[in-house]
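Survey of secondary and tertiary structure
Below are the chains, spelled out letter by letter.
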Amino acid sequence: MSERFRQALDGITRVRGVRGALLVTDDDGLVIADSVMEDVRGGAVAALAASLATRMGKAAIGARIGESHFLHLQAESGALLVMPAPNGVLVVVLAERNVNVGLARLEMLRAVEVVK
Amino acid sequence: MTPTRAIEPWIEGPLVQFVTEAGARLTLIMTPAGQVLAQHGFTRAVDVMSAAALGAAIVSSTREIASTIGEEAFTALNHQGIHHGIFLAEMTTPRGPLLALVVYGSESSVGLVQLFYEDLVRELFAACPEVEQRKPVIAADFERDLNKSLASLFGR
């Protein structure tokens, strides 16, 4: 993994409650770089998050509310956060239920700046 | 919706689940020789035969390239187009190696296809019945068997 990508992901994974952070191609759903806990299936998270983000993006455009900037899926025991970056990259974060979403989002914005 | 059809019934369940989850438009399950065991999405027999022959040839060619560069095998191959992608991979079953040729559109992705392909391989391995003793292929039976297979694949 390149140093630039490592730095982008390290900031996110330092947030308490984050179980993994990935840079994913939005059209292919493939992992560019990741930093995830051992029990997290990075490839599966990447593929499904990219598919979800693509569909949500289409829904947002269909609803005439503009492009999607941030996706927060709150589930029973965790959360999935997705932020599109330029050049067709998605910043994907898998976190525990009690994660500080605001802080995670701030680190994701920093990661977007690094990868663009 | 185009039905999924299989000559070998144990393939149908896992294949239906795969095409549903991965959003595949067309799928073939075949032997490395190009003999089709199941298909989804094809409407013409001639397309099935062409795709199977070309897919088997591609796998055979890449196996030779792998051998040339000292690689044991390439397990999967993906071609990405503007509107469609093709995913071609070889799997191992108790009955020997099988190939999967998957065509997907913009509603899916190579990541999704790869993800659910792993499940397909696992489920086909589990569903595969005991190995049967293969009968020798007799030239006189070949055309009859081929027509019977195509009839099964297209429900005729």
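Computed from a prediction, not measured in an experiment: that's the story for all the values here. Residue numbers restart at each chain and count upward from 1, following the sequence in its written direction. Here the convention is simple: chains get letters from A, ligands get numbers from 1, in the order in which they are written. Residue-level local features of this predicted model are given only where pLDDT is at least 70; pairs of side-chain atoms are given and counted only at 80 or more, and the full residue set underlies all totals for whole chains, interfaces and linings.

**Quick look at the overall build of chain B**
Heads up, the condition is: Comment: elements are numbered from the N terminus, with helices defined as DSSP H or I runs of at least four residues and strands as E runs of at least two. Residues are called buried when their C-beta atom has 20 or more other C-beta atoms within 10 Å, exposed when it has 12 or fewer, and partly exposed otherwise; all C-beta atoms are positioned from the backbone. The contact rule is simple: place each C-beta atom from the backbone, and if two of them lie within 7 Å, those residues are in contact.
Within chain B, the secondary structure is distributed over four helices and six strands. Along chain B, from the amino end to the carboxyl end, the secondary structure elements read β-α-β-β-α-β-β-β-α-α. With the C-alpha coordinates aligned to their principal axes, the bounding extent of chain B is approximately 45 × 45 × 30 Å. Counting every position in chain B, which comprises 156 residues, the buried fraction comes to 33%. Taking as baseline every contact in chain B between residues at least 6 positions apart, the subset at least 24 positions apart corresponds to 56%.

**A word on the environment of D47 of chain B**
Here D47 of chain B shows up in helix α2 (residues 45-68). Separated by 30 residues in the primary sequence, D47 of chain B and L77 of chain B place their C-alpha atoms 20 Å from one another.

**Focus: the confidence of the model for chain B**
Short version of the rule: pLDDT measures how confident the predictor is about each residue, on a scale from 0 to 100.
Taken over all residues, the pLDDT of chain B has a mean of 88, while the share at 70 or more is 91%. Across the assembled chains, the prediction reports ipTM 0.78 with pTM 0.81.

**As for the interface of chain A and chain B**
Threshold: Polar here means any residue outside two lists: the nonpolar Ala, Val, Leu, Ile, Met, Phe, Trp, Tyr, Cys and Pro, and the charged Asp, Glu, Lys and Arg; Gly therefore counts as polar.
Counting residues at the interface gives 10 residues for chain A and six residues for chain B. A class-by-class count of the residues in the side of chain A that touches chain B yields five nonpolar, three polar and two charged.

**Brief notes about the sheet that holds strand β5 (residues 84-93) of chain B**
All names here are of chain B. The condition that has to hold: Strand pairing is assigned whenever DSSP identifies at least 2 bridges connecting the two strands. Axis lines are fitted through C-alpha atoms, for helices just across the contact stretch, and the angle between N-to-C directions can take any value from 0 to 180 degrees.
With respect to topology, six strands assemble into an open sheet ordered β1-β3-β2-β6-β5-β4, the strand pairing being antiparallel. Because the sheet does not close on itself, it has two edges, and the strands there are β1 (4-6) and β4 (76-80). Strand-to-strand twist across the sheet, computed as the mean angle between neighbouring axes with direction ignored, equals 10°. The sheet contact formed by β1 and strand β3 (residues 36-40) spans three bridges and is antiparallel. Bridge pairing in β3 places A6 opposite A38.

**Notes on the nonpolar core**
In plain terms, the rule: Residues of type Ala, Val, Leu, Ile, Met, Phe, Trp, Tyr and Cys that are buried and joined through C-beta atoms within 7 Å form what is called a nonpolar core.
If you look at the biggest cluster of nonpolar residues, it comprises 73 residues, and the most contacted ones within it are L90, V92 and V93 of chain A together with V113 of chain B. Here the element with the most residues in this core is helix α3 (residues 110-127) of chain B; it accounts for eight residues. Excluding its chain neighbours within four sequence positions, the residues that come into contact with V92 of chain A are L22, V24, V45, A46, A49 and V82 of chain A.

**Examining helix α1 (residues 9-22) of chain B**
Every α-helix carries 3.6 residues per turn, so stepping three or four residues along brings you back to the same face. Residues and elements named next belong to chain B. Test applied: Residue count minus one, scaled by 1.5 Å, sets the expected span of a helix.
End to end, α1 covers 21 Å across 14 residues, agreeing with the expected 20 Å (1.5 Å per residue, within 8%). Residues of α1 that are buried make contact with β1, β2 (24-30), β3, β6 (96-105) and α3. Residue G23 follows α1 closely and has a positive phi angle near 70°.

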